Amino acid sequence: MVLSMWMKEKVGLGTVVNVIFIGLFSDLILISNLIPEINHYWTGVAFMLFGMFVISLASYFYIGSAFSAGPRDSLMIGLKKRFPKIPVGVIRGIIEGTVLFLGWLMGAKIGLGTVIAVFWISFILQMVFNFFHFDVRKVQNESLTETWNNIRRLYNQSKISGA
């Protein structure tokens, strides 16, 4: 987040929600066994690729909402603005690869699924963004203050109109 803020990316509602709820919902999904464990290699790879497609599609919608993005996505946006000729998928791959490497340096276990995820999320994200003609450089995110002021303004307007 510090790097993103240094690149003038705003911390907003999307950032706060991402930071708080991604881990919480991941834990809840794991505890509830909502997603079954896949024991067949190719089925697992297919489910993983489908999950990355869902993540990429969700990224398109939530980044496009302009309520700001989570730390990694904000870094991706900031880097894309600074390096417009580099495809967003390559930028995302560099970020994910860096995180993988740092995790490995800190002693994290890295399996084949982790490596597949690092490389394929970049390709899938690029594909989804290209399909929707989405350029993250054009997103004008709101800060928390701007969102709060907009909510107050809408609330006051609804009181005046009697809605």
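Procedures and definitions
Residues numbered from 1 in each chain as written. Predicted model: local features only at pLDDT ≥ 70, side-chain atom pairs only at ≥ 80, totals over all residues. Heavy atoms only, no water. Salt bridge = Lys/Arg side-chain N within 4 Å of Asp/Glu carboxyl O. Helix = DSSP H or I, 4+ residues; strand = E, 2+ residues; numbered from the N terminus. Buried < 20%, exposed > 50% of the residue type's maximum accessible area, 1.4 Å probe, protein only. Lys, Arg positive; Asp, Glu negative; His and termini not counted. Contact = heavy atoms within 4.5 Å. Phe/Tyr/Trp six-rings, centres within 6.5 Å; stacked < 30°, edge-to-face > 60°. Polar contact = N/O pair within 3.5 Å; in protein donor to acceptor, adjacent residues only side chain to side chain. pLDDT = per-residue confidence, 0-100. Axes fitted to C-alpha atoms, helices over the stretch in contact; angles between N-to-C directions. Parallel < 35°, antiparallel > 145°, perpendicular 65-115°, else oblique. Left-handed = near helix turned anticlockwise from the far one by under 90°.

Brief notes about the pattern of salt bridges
Item 1. For the structure on display, the rule yields 6 salt bridges.
Item 2. The partner of D135 in a salt bridge is R137, with the nearest N and O atoms 2.7 Å apart.
Item 3. Bridged by salt links that share partners, the residues R72, D73, R92 and E96 form one connected network.

Comments concerning the side chain of K80
Item 1. Following the sequence through the fold, K80 ends up in helix α4 (residues 71-82).
Item 2. Buried and without a salt bridge, K80 has D135 as its closest oppositely charged side chain, separated by 5.7 Å.
Item 3. Contacts of K80, omitting those with residues within four sequence positions, involve I86, P87, V88, I91, V136 and R137.

Describing the packing of aromatic side chains
Pairs of aromatic rings are described using the distance from one ring centre to the other and the angle between the two planes.
Item 1. Applying the stated criterion to the full structure yields 10 aromatic pairs.
Item 2. Consider the rings of Y60 and F132, whose centres lie 4.2 Å apart with planes at 10 degrees: the pair is stacked. One end of the pair, Y60, is in helix α3 (residues 41-64); the other, F132, is in the loop between α6 (112-131) and α7 (144-161), with 72 residues separating them in the sequence.

What to know about the side chain of R92
Item 1. Locating R92 in the fold gives a position in helix α5 (residues 88-105).
Item 2. For R92, a relative accessible area of 8% translates into the label buried.
Item 3. A polar side-chain atom of R92 sits 2.6 Å from a polar atom in the side chain of D73.
Item 4. Each residue touching R92, except ones within four places of it in the same chain, is listed here: D73, M76, S122 and L125.

Structural notes on the confidence of the model for the protein chain
Item 1. Per-chain confidence: the protein chain averages 90 in pLDDT, with 99% of residues scoring 70 or above.
Item 2. No element of the protein chain has a lower mean pLDDT than helix α1 (residues 2-6), which averages 83, and none a higher one than α5, which averages 95.

Section: the packing of α4 against α5
Item 1. Following both chains from N to C, one finds α4 and α5 inclined at 130 degrees, their axes separated by 9 Å at the closest point. Looking at the two axes, α4 sits oblique to α5. Crossing of α4 against α5: the hand is right-handed. Across from R72, D73, L75, M76, L79 and K80 in α4, the residues of α5 making contact are V88, I91, R92, I95, E96 and V99.

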